[in-house]
Amino acid sequence: MKKFTIGLFLLIFLLVATGCKLMRDGAKKSLATGSPPNIIFLIGDGMGVPQISTAYYFGDGEANFSRFKHIGFHQSSDLTHKITDSAAGATAFSIGQKTFKRAIGVSGDSIPQETIMEYLQKEGYKTGLISLTTITHATPAAFYAHVVDRDMHEEIASQLVDARVDFIAGGGRKYFETREDGRNLFSQLIEMGYKLDTTQISEPNYESPNAYLLVDESMPSKIEGRGDFLPKATDYALDYFNRMGEPFFLMVEGSYIDWSGHAKNAEMLVEEVEDFDQTLGVALDFVDKNPNTLLIVTADHETGGVSISKKYLEQKIFGQRKEIPGEVEITFNSNQHSGELIPVFAYGLGADKFQGIYENKDIFHKIMSVYNRE
Ligand code: MG
Ligand code: ZN
């Protein structure tokens, strides 16, 4: 009887253990054989924790940031400067190496490196870039260009044409159309089959690549009347890729969170974060419907040394400053970038890999490990 009981236990144990192993192998297998994941990378330039906090004090309704469960931090310093800029900051994300300040898509010794977007494009991905600044500006440029200085806009523009990105939206028209070297890159884009729109964001042509280069320099800020360009362009891009039915890599930059820090403009900051949060909503909804997608949201660095601070009555009472208990205000301690740890939000496939504290360049490697189904 005793022997029988032990035997039965052993048998049950073996069955359960084998079952678990089979389930584990099954899960691994379905991950390994799944179709390549879509990757959406949202960069709120200059967006640290204080900037995100403004959505909770000044926004209406619950911020889309609350929908994330997987959150980490990255350390943003570059190879030469403790406090980085957008060029080295975005290049760390795009090539997986820290580089020197002002560098675009090159290593610390100025050697061009394949970016994550270029790599995925070779693997059959469709690609997209959306920015509020010129599309040749540091953040988007770091994904397709390779130059030693971020201000080489004409060179960067011609590298964008060579990059054959499928969906482009932003400013910077003059670097294509009225160039010092006399070349007209718009005619080149048209020859390559692009739908080119220089006036407004409109429904994409689903049969061709699309380029929206809407202003000579940068798009207006939200308080200057930009409207819903950023969420709308993101929505069009996602719809475009979805109809293409191919995996895609899309980078979207909310560029003016940084600029509001440089300008020490609290109203601009609140509006830009809200616009970015709406764009987040578009991306999060897409992932909910398309779970084979990884969404990462982060910044290159913080800008402005922003705080959510106590607000005081203007007039002193008995010589004392009087705090207003139900109000806060946004204060800036500089008009420059700062060195704080930067939050990273991840959603969808492989999101758990982005928890913890790591270097900015590790975001590249984490995306690659999701791509490789590791
Ligand atoms: Mg930028
Ligand atoms: Zn900046």
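Residues numbered from 1 in each chain as written. Chains lettered and ligands numbered in written order. Predicted model: local features only at pLDDT ≥ 70, side-chain atom pairs only at ≥ 80, totals over all residues. Heavy atoms only, no water.

**Remarks on the pattern of salt bridges**
In the structure shown here, the tally under the stated rule is 18 salt bridges. Residues joined in a network through salt bridges with shared partners are Lys-222, Arg-226, Glu-272 and Asp-275. (Salt bridge = Lys/Arg side-chain N within 4 Å of Asp/Glu carboxyl O.)

**A closer look at the coordination of the magnesium ion (ligand 1)**
The magnesium ion (ligand 1) binds to the protein through Asp-45 (OD), Thr-139 (OG1) and Glu-253 (OE); the donor distances cover 2.0 to 2.2 Å. For the magnesium ion (ligand 1), the donor residues sit on a single chain with the sequence spacing D-x93-T-x113-E. Placement of the pair is Asp-45 in the loop between strand 1 (38-44) and helix 2 (49-58) and Glu-253 in strand 7 (residues 248-254), with a sequence separation of 208 residues. (Donors = N, O, S within 2.8 Å, 3.2 Å for Na, K, Ca; no water. Helix = DSSP H or I, 4+ residues; strand = E, 2+ residues; numbered from the N terminus.)

**A word on the sheet that holds strand 3 (residues 126-134)**
In sheet architecture, strand pairing relies on hydrogen bonds along the backbone and comes in two forms, parallel and antiparallel. Pairing within the open sheet is mixed, and its ten strands lie in the order 5-6-4-3-7-1-8-13-2-14. Each edge of the open sheet is held by one strand with a lone partner, namely strand 5 (195-197) and strand 14 (356-359). Taking each pair of neighbouring strands and ignoring which way they run, the sheet shows an average axis angle of 15°. Here strand 2 (residues 70-75) pairs with strand 14 via four bridges, running parallel. Its bridge partner being in strand 14, Gln-75 is matched across the sheet by Glu-359. Of the strands in this sheet, strand 1, strand 3, strand 4 (167-171), strand 6 (210-213) and strand 7 are in contact with helix 9 (residues 229-244), which crosses strand 3 at around 170°. (Pairing = 2+ DSSP bridges. Axes fitted to C-alpha atoms, helices over the stretch in contact; angles between N-to-C directions. Contact = heavy atoms within 4.5 Å.)

**With respect to the coordination of the zinc ion (ligand 2)**
Around the zinc ion (ligand 2), the donor atoms from the protein are Asp-258 (OD), Asp-258 (OD), His-262 (NE2) and His-337 (NE2), and they sit 2.1 to 2.3 Å away. Around the zinc ion (ligand 2) sit four donor atoms; with metal-centred angles ranging over 57 to 150°, the donor geometry is irregular. Donor residues for the zinc ion (ligand 2) sit on one chain with the sequence pattern D-x3-H-x74-H. One end of the pair, His-262, is in helix 10 (residues 256-262); the other, His-337, is in strand 12 (residues 337-338), and 75 residues separate them in sequence. (Tetrahedral: all angles 85-135°; square planar, octahedral: opposite > 155°, others 65-115°.)

**Considering unusual backbone geometry**
Here Ser-110, not a glycine, exhibits a phi torsion of approximately 65°, which is positive. Following the sequence through the fold, Ser-110 ends up in the loop between helix 3 (86-95) and helix 4 (116-122). In this structure, Lys-264 is a non-glycine residue whose phi angle is positive, near 50°. Along the polypeptide, Lys-264 turns up in the loop between helix 10 and helix 11 (266-289).

**What about the nonpolar core?**
In terms of nonpolar packing, the biggest core is built from 51 residues, with Phe-41, Phe-143, Phe-176, Phe-249 and Phe-354 touching the most fellow members. The dominant element in this core, judged by the number of residues it contributes, is helix 12 (residues 362-371), at six residues. With residues near it in sequence (within four places) discarded, Phe-176 still touches Ile-135, Thr-136, Ala-157, Leu-160, Val-161, Arg-183, Asn-184, Leu-185, Phe-186, Leu-189 and Leu-213. With 49 residues, the next largest nonpolar core counts Met-219, Phe-241, Leu-280 and Ala-299 among its residues. (Core = buried A, V, L, I, M, F, W, Y, C linked by side-chain atoms within 4.5 Å. Buried < 20%, exposed > 50% of the residue type's maximum accessible area, 1.4 Å probe, protein only.)

**Focus on the environment of Asn-360**
Structurally, Asn-360 can be placed in the loop between strand 14 and helix 12. Asn-360 sits in the buried class, given a relative accessible area of 1%. Between the C-alpha atoms of Asn-360 and Phe-93, which are 267 residues apart in sequence, the distance is 6.4 Å. Setting aside anything within four residues of it in sequence, one finds Asn-360 in contact with His-74, Gln-75, Ser-76, Ser-77, Gly-89, Ala-92, Phe-93 and Lys-98. In this structure the side chain of Asn-360 is engaged in a polar contact, spanning 3.3 Å, whose partner is the backbone oxygen of Ser-76. (Polar contact = N/O pair within 3.5 Å; in protein donor to acceptor, adjacent residues only side chain to side chain.)

Honestly, it's all geometry; don't read function into it.
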